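# Structural overview for review
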Amino acid sequence: MKKFICILSILSSCMYAQDIHFTQIQYFPLTLNPAMSGANYALSGNAIYRNQWKSVAIPYKTIGVSVDGRLKKSPQGHLFAAGLKFFNDNTGDMQLKTNDISLNVAYHLNIQKLHKIGFGICAGIIQRSINTGNAQWGNQYNFSTGTYDNTLPSNEQFNASNSIVPDLGAGIVYTFIKNEKYMTGNNNLRLNIGFSSFHLNRPSATFLKNSKDKLYMRHVVFANGEFGIPNSNFSIVPLLVVQLQGPSTELLTGAYIKYTIQDKSHYTGLKKGTSFSLGSIYRNKDAISTNFVVEYDSYAIGASYDFNISQLKSVSKSKGAVEIFLRFVLPNPFGPDNSKSRI
């Protein structure tokens with residue numbers, strides 16, 4: 001019975017249509033802010049996969065891909081950028097599926113050397129579907145005996161099992177990047193601070209008849225970056241994210257320790273830059289994760305595991321989520337790149 005109540009609690013959160021979340025959210029940056037398009041790299045491609053709650057119910061699976069890049073640079077150093085983001089989310093016994101695709105555009109003002117302020121907007125569609133045939137409702141349970149009777153009416157009325165709605169968002173980002181030198185002195189510095197709002201048009205979020213429930217706006221405040229420790233091979237990579245959506249609040253905070261194993265060779269390019277990062281992220285009242293990232297030249301791969309610390313841990317046995325990401329960026333983050341991709 002305790003397990004049923006916990007699963008019902010998870011299902012209820014889905015029915016209220018809260019957004020997906022990632023532990024390694026900085027590696028899927030367009031989920032944080034549309035102005036992150038072109039903010040850090042001339043070209044960036046990202047893919048991420050998350051598998052959650054396998055120990056409690058049918059796993060919740062999320063797959064996301066995105067690409068963004070700088071399209072034009074003005075004589076004053078201002079940047080015009082664009083990006084495309086897509087994710088698919090599949091949750092629970094009722095196979096609640098969400099497909100979200102959006103086009104992002106951003107403009108980054110070069111306010112001072114190394115300092116930029118970017119403005120971004122995103123527009124797209126959200127397609128959702130649900131399979132009600134596998135549902136077990138509270139009205140079909142006898143809580144005094146702990147038995148389930150599928151012949152009892154659920155008293156739930158669905159208007160449709162599929163919906164497509166438009167979606168809008170906007171954001172602003174401050175970016176500081178100093179990595180024009182090779183990392184011999186390890187003086188690289190990167191900082192992003194931003195605020196964004198998603199679902200500005202409050203799209204419909206219900207399958208039920210006579211219901212006018214709409215998706216809550218999601219407001220995001222975040223800061224992340226990378227700070228090299230001078231004259232060493234180490235860097236600190238911190239993360240802070242606060243997300244507010246209706247009655248829900250999520251806080252992510254943590255950091256990685258990054259060790260540069262090898263710099264990119266200065267002239268020949270025969271040696272490829274290589275680094276390894278290890279860290280941990282805390283999600284308030286929900287999970288603590290162990291994370292690692294390996295970077296080689298323009299490529300990065302990382303993984304994390306969430307240890308559940310919420311009230312659900314008595315059922316989940318502290319097992320949470322597995323997450324894996326892949327990333328490709330230009331220019332090479334280990335040193336200057338003379339290619340045209342540096343616009």
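What you see is a predicted model, and the numbers here were worked out from it, not measured in a lab.

## So, the overall build of the protein
A tally of helices and strands in the protein yields two helices and 16 strands. Residues classed as buried in the protein amount to 47% of the 343 residues present. The long-range share in the protein, meaning contacts at least 24 apart out of those at least 6 apart in sequence, stands at 59%. Approximately 16,900 Å² of the protein is accessible, and the part contributed by carbon and sulfur atoms is 60%.

## A few points about empty space enclosed by the protein
On inspection of all chains with the given rule, the structure shows one cavity of 30 Å³ or more. Put simply, the largest cavity is a space of about 40 Å³. In this structure, the largest cavity is lined by Lys-85, Asp-100, Ile-101, Ser-102, Cys-122, Ala-123, Gly-124, Asp-167, Leu-168 and Phe-198. Mapped by element, the contributors of at least two residues to the lining of the largest cavity are strand S4 (96-112), strand S5 (115-129) and strand S8 (162-178).

## Points about the side chain of Asp-297
Position of Asp-297 relative to the elements: it lies in the loop between strand S14 (287-296) and strand S15 (299-308). Nearest to the buried, unbridged Asp-297 among oppositely charged side chains is Lys-272, at 4.5 Å. When neighbours within four sequence positions are excluded, Asp-297 is seen to be in contact with Lys-272, Gly-273, Asn-332, Pro-333 and Phe-334.

## Looking at the pattern of salt bridges
In this structure the tally under the stated criterion is 10 salt bridges. The residue Arg-50 makes a salt bridge to Glu-323 at a minimum N-O spacing of 2.6 Å. With Arg-50 in strand S1 (residues 43-52) and Glu-323 in strand S16 (residues 319-330), this pair connects stretches of sequence that are 273 residues apart. For Glu-323, a relative accessible area of 0% translates into the label buried. A salt bridge links Glu-226 to Arg-190; its shortest N-O distance comes to 3.9 Å. Of this pair, Glu-226 sits in strand S10 (residues 218-228) while Arg-190 sits in strand S9 (residues 189-198); the two residues are 36 residues apart in sequence, bridging distant segments of the chain. Of the two residues examined, Glu-226 and Arg-190, each falls in the buried class. Salt bridges sharing common partners tie together Arg-50, Glu-250, Arg-283, Asp-286, Asp-306 and Glu-323.

## Things to note about unusual backbone geometry
Following Leu-330, the chain continues into Pro-331 via a peptide bond in cis, with omega recorded as 0°. Within the chain, His-199 stands out as a residue other than glycine whose phi angle is a positive 60°. Along the chain, His-199 falls in the loop between S9 and S10. Assessed through its relative accessible area of 4%, His-199 is described here as buried. Backbone geometry places Asp-297, a non-glycine residue, at a positive phi of 55°. Relative accessible area serves as the criterion here: at 16%, Asp-297 is assigned to the buried category.

## Comments concerning the confidence of the model for the protein
Here the protein averages 84 in pLDDT, while 77% of its residues score no lower than 70. Below a pLDDT of 50 lies the segment residues 1-16, which in the model reaches 25 contacts outside its immediate sequence neighbourhood of four places, other chains included. Here residues 337-342 scores under 50 on pLDDT; set against residues more than four positions off or in separate chains, the count is 12 contacts.

## A closer look at the environment of His-108
On the secondary structure map, His-108 appears in strand S4. When the C-alpha atoms of His-108 and Gly-77 are compared, they prove to be 8.8 Å apart, with 31 residues separating the residues in sequence. When sequence neighbours within four positions are dropped, the list of residues in contact with His-108 reads Ala-35, Ser-37, Gly-38, Ala-39, His-78, Leu-79, Ala-81, Lys-116, Ile-117 and Gly-118. At a separation of 3.4 Å, a polar atom in the side chain of His-108 contacts the main-chain carbonyl oxygen of Ala-35. A distance of 2.7 Å separates the side chain of His-108 from the backbone oxygen of Ser-37, its partner in a polar contact.

## Points about the pairing of strand S13 (residues 274-283)
Here strand S12 (residues 248-262) runs beside S13; their pairing, made up of 10 bridges, is antiparallel. Its bridge partner being in S13, Thr-253 is matched across the sheet by Tyr-282. Bridge analysis of S13 against S14 gives 10 bridges, and the strand direction is antiparallel. By the bridge assignment for S14, Gly-279 is matched with Asn-291.

## Details of the packing of aromatic side chains
Within the structure shown, the criterion is met by seven aromatic pairs. A ring pair is formed by Phe-276 and Phe-292, whose centres lie 6.4 Å apart and whose planes are at 20°; its orientation type is stacked. Residue Phe-276 is found in strand S13, and its partner Phe-292 is found in strand S14; the two are separated by 16 residues along the sequence. Taking the relative accessible area as the measure of exposure, Phe-292 reaches 37% and is therefore partly exposed. Taking the centre distance of 5.0 Å and the plane angle of 50° together, the rings of Tyr-299 and Phe-328 count as tilted.

Each value, and the rule that gives it
Residues numbered from 1 in each chain as written. Predicted model: local features only at pLDDT ≥ 70, side-chain atom pairs only at ≥ 80, totals over all residues. Heavy atoms only, no water. Helix = DSSP H or I, 4+ residues; strand = E, 2+ residues; numbered from the N terminus. Buried < 20%, exposed > 50% of the residue type's maximum accessible area, 1.4 Å probe, protein only. Contact = heavy atoms within 4.5 Å. Areas by Shrake-Rupley, 256 points an atom, 1.4 Å probe, with all protein chains shown as cover. 1 Å grid on protein atoms, 1.4 Å probe; cavity = no way out; pocket = protein on both sides within 12 Å on 5 of 7 lines; lining within 4 Å. Points joined across faces, edges and corners; volume = space filled by probe spheres on them. Lys, Arg positive; Asp, Glu negative; His and termini not counted. Salt bridge = Lys/Arg side-chain N within 4 Å of Asp/Glu carboxyl O. pLDDT = per-residue confidence, 0-100. Polar contact = N/O pair within 3.5 Å; in protein donor to acceptor, adjacent residues only side chain to side chain. Pairing = 2+ DSSP bridges. Phe/Tyr/Trp six-rings, centres within 6.5 Å; stacked < 30°, edge-to-face > 60°.

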